[in-house]
Amino acid sequence: MILLENASKLYANKVLALDGASFYIDRSEFVFIVGPSGAGKSTLVRLIYREELPTSGRVVVFDKDLSKMRPREVPFFRRRIGVVFQDFKLLEDRTVFENVAFALRVTESTRREIKRRVPAVLELVGLRDKQRSYPRQLSGGEQQRVSLARAIVNNPELVVADEPTGNLDPDTAWEIFQLLREINRRGTTVVVATHAKEIVNRFGKRVIALKDGQVVRDEEKGAYSNED
Amino acid sequence: MRIRTWTYLVGQSFQGIRRHVHMSLASVTTMAVSLLVLGIFVVASLNLSYVAAVIESQIEIRAYLYDDIPAQGILDLEVAISSLEYVTGVEYVDKDTALSKLKEQLGPQADLLEAVEEMNPLRNSFVVKVEAPEFVALVASQVEELQGVAKVDHRQDLMSRLSAVIRAIRVSALFIILLLGVATILIISNTVRLAVLSRQREVYIMKLVGATDAFVRWPFFLEGILLGLAGAAVASFVLDRAYDWFLANVYVMLPFVPVLTKQPMLQVVSLGLFVLGTAIGALGSSIPLKRFLRV
């Protein structure tokens, strides 16, 4: 489903964020991307949903070489991916319902479909009764659930998350990861870049470790770090 | 795009204004003020130009005749003058008419003339109108050479100065209107650009969930048009009221100054403001978006 072949990313400011990374992630996998700050985790995530293109090497998602994708295909490509960020990226001036429905408006879903899908997905993340709240009225954990709900409301094949629990306390973080695991159980591929060492160790899923932009470790049922 | 998407996008453009009331108010106010300034200037220069045209049309040469010319000689002179180049009209004023006109002008002091009334010292004359001020000197010299003409009065220096002033006013008015127009466009598009910049995050999120560029751009475009319409409406309304006030006052304070009637001038000016406002609103809000769309 996701294939990186010797992918490198050199930013305009001469920072080599990714240096010849290669790996393959299969359908329905749950993969952690770990590594110290500045190791290239965020860049890797951005390459997958095509916010950035690799400077050299290939990034192939859904059997499509992203460097060869035409700009007008990109929106349709993104609809197959749910993206979750550390800072939630919710629209402050819209209710929880509208934030989630937003992803469906974009795909021109019918009103009936929106009325059906949004409450269902909010139910899944446990926010059914907060539909009419605004993001600022919610706790950090709740906001991240809204963002998760928005990411999955389109039934994407892939969910990528960049430090989804970076702003949350450990208990709340655990709940978010439980949700990600639940999403994965339903068949969605999940790729999470994270610092949450404890959780990575407890989950026992595949771990791809980055250091200075290179893949230094890739293990099934891995832990955050071998040295610990 | 489907119809339900269009309804959603149109709704979004209204909501965009509601959600960003302050930004929208700032944009509308800026538009209204700059369009109003532009409008006032256009109206002012149209009127100046009108005044100039009226003055120009009143430019005249007065040719005084000797007293001993027979009626036929006067007729001949009239034909001779009107056949001169650049002459647009010739009117004969006999000395009695001239005296009674003078009396009228003097009003209550008309009895000053009683002493001279018996022997009327005024002369028969022709009032000659010419096409434009620059031809006055030429025509005057030709009239002066005609047999029977005693003296020609044409206030040449005043005429040439007046025509220079009128030309200067026209040129500078056009220049200032152009400058103001450019300034208006810059001010408005900058304000709208700021409003769009403040919503960069919103655009980014739209793109992340897979919105096409058209989907992102339409609400901004429609919003720009709505704000432009609002700004132009405010400017036109104020201009309309201001002109009513101006007309009411100018008739009282400067009764001899010619001014343009309100319509159709204001209709044309308002139409111009509406076109300018909506165009700048629409373009100003959708062009700066392009940069953010590259996500």
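Residue positions are given per chain, counting from 1 as you read along its sequence in written order. Naming scheme: in the order in which they are written, chains are lettered from A and ligands are numbered from 1. Given that this is a predicted model, residues contribute local features only at a pLDDT of at least 70 and side-chain atom pairs are listed and counted only at 80 or more, while totals for whole chains, interfaces and linings are drawn from all residues. Values reported for side chains reflect all heavy atoms of the structure, with hydrogen atoms and water molecules removed beforehand.

### Digging into the pattern of salt bridges
Residues and elements named next belong to chain A.
Thinking step 1. The working definition used for a salt bridge is a side-chain nitrogen of Lys or Arg within 4 Å of a carboxyl oxygen of Asp or Glu. By the definition in use, this model includes 23 salt bridges over all chains.
Thinking step 2. Salt-bridge contacts for lysine 41 lead to glutamate 163; the nearest nitrogen and oxygen are separated by 3.9 Å. With lysine 41 in helix H1 (residues 41-48) and glutamate 163 in the loop between strand S7 (158-162) and helix H6 (170-185), this pair connects stretches of sequence that are 122 residues apart. Across this residue pair, the class does not change: lysine 41 and glutamate 163 are buried.
Thinking step 3. Across the pair arginine 186 and glutamate 182 runs a salt bridge, and its minimum N-O distance is 3.0 Å.
Thinking step 4. A single network of salt bridges, built from pairs that share partners, joins Glu5, Arg58, Asp65 and Lys68. We count a stretch as a helix when DSSP gives it H or I for four or more residues in a row; a strand needs E for two or more, and each element gets its number in order from the N terminus. To sort residues, take the accessible area from a 1.4 Å probe on protein chains only and compare it with the maximum for the residue type: under 20% means buried, over 50% means exposed, and anything in between is partly exposed.

### Description of the interface of chain A and chain B
Thinking step 1. Here, residues are in contact when the closest pair of their heavy atoms is within 4.5 Å. Chain A puts 22 residues into the contact, and the matching count from chain B is 21 residues.
Thinking step 2. Here's the idea: put two parts together, see how much 1.4 Å probe accessible area each one loses, and the total over both is what we call buried area. Both sides together, the interface formed by chain A and chain B hides about 2200 Å², and carbon and sulfur atoms give 57% of it.
Thinking step 3. The interface formed by chain A and chain B contains one salt bridge.
Thinking step 4. With its nearest N and O atoms 2.8 Å apart, the salt bridge here joins A:Arg94 to B:Glu202.
Thinking step 5. The term polar contact refers here to a pair of N or O atoms within 3.5 Å; inside protein, the definition further demands a hydrogen-donor-capable atom paired with an acceptor-capable atom, and it admits residues adjacent in sequence only when both atoms are side-chain atoms. Remark: the boundary between chain A and chain B carries nine residue pairs in polar contact (both at pLDDT 80 or more).
Thinking step 6. Mapped onto the side of chain A that touches chain B, the elements with two or more residues apiece are helix H2 (74-78) and helix H3 (96-106) of chain A.

### Focus on the domain arrangement of chain B
Thinking step 1. An automatic or database domain assignment supplies the start and end points of every domain. Partitioning chain B into structural domains gives domain 1 (3-55 + 162-293) and domain 2 (60-131).
Thinking step 2. A straight line from the C-alpha centre of domain 1 of chain B to that of domain 2 of chain B covers 54 Å.

### Overview of the pairing of strand S1 (residues 2-10) of chain A
Residue and element names in this part refer to chain A.
Thinking step 1. By this definition, two strands are paired if DSSP reports at least two bridges between them. Sheet topology places S1 next to strand S4 (residues 56-61); five bridges connect them, and they run antiparallel. Paired with serine 8 across the strands is serine 56, a residue of S4.
Thinking step 2. With antiparallel pairing between neighbouring strands as the criterion, S1 and strand S2 (residues 16-25) make up a hairpin whose turn holds five residues, including lysine 14 at a positive phi of roughly 70°.

### Section: the layout of surface pockets
All names here are of chain B.
Thinking step 1. Considered as a void within the structure, the largest pocket measures approximately 280 Å³ in volume.
Thinking step 2. Residue assignment for the lining of the largest pocket shows that the elements contributing at least two residues are strand S1 (60-65) and helix H4 (95-106).
Thinking step 3. Per-element tally for the lining of the largest pocket: the top contributor is H4, with four residues.
Thinking step 4. Nonpolar residues are Ala, Val, Leu, Ile, Met, Phe, Trp, Tyr, Cys and Pro. Charged residues are Asp, Glu, Lys and Arg, and all others, Gly as well, are polar. The class makeup of the residues in the lining of the largest pocket is six nonpolar, two polar and three charged. In the cavity and pocket records, a cavity denotes points on a 1 Å grid over the protein atoms alone where a 1.4 Å probe fits but cannot get out, a pocket denotes an open set with protein on both sides within 12 Å along at least 5 of 7 lines, and lining residues are residues with an atom within 4 Å of a point. Grid points are joined across faces, edges and corners, and a volume is the space filled by probe spheres set on the points.

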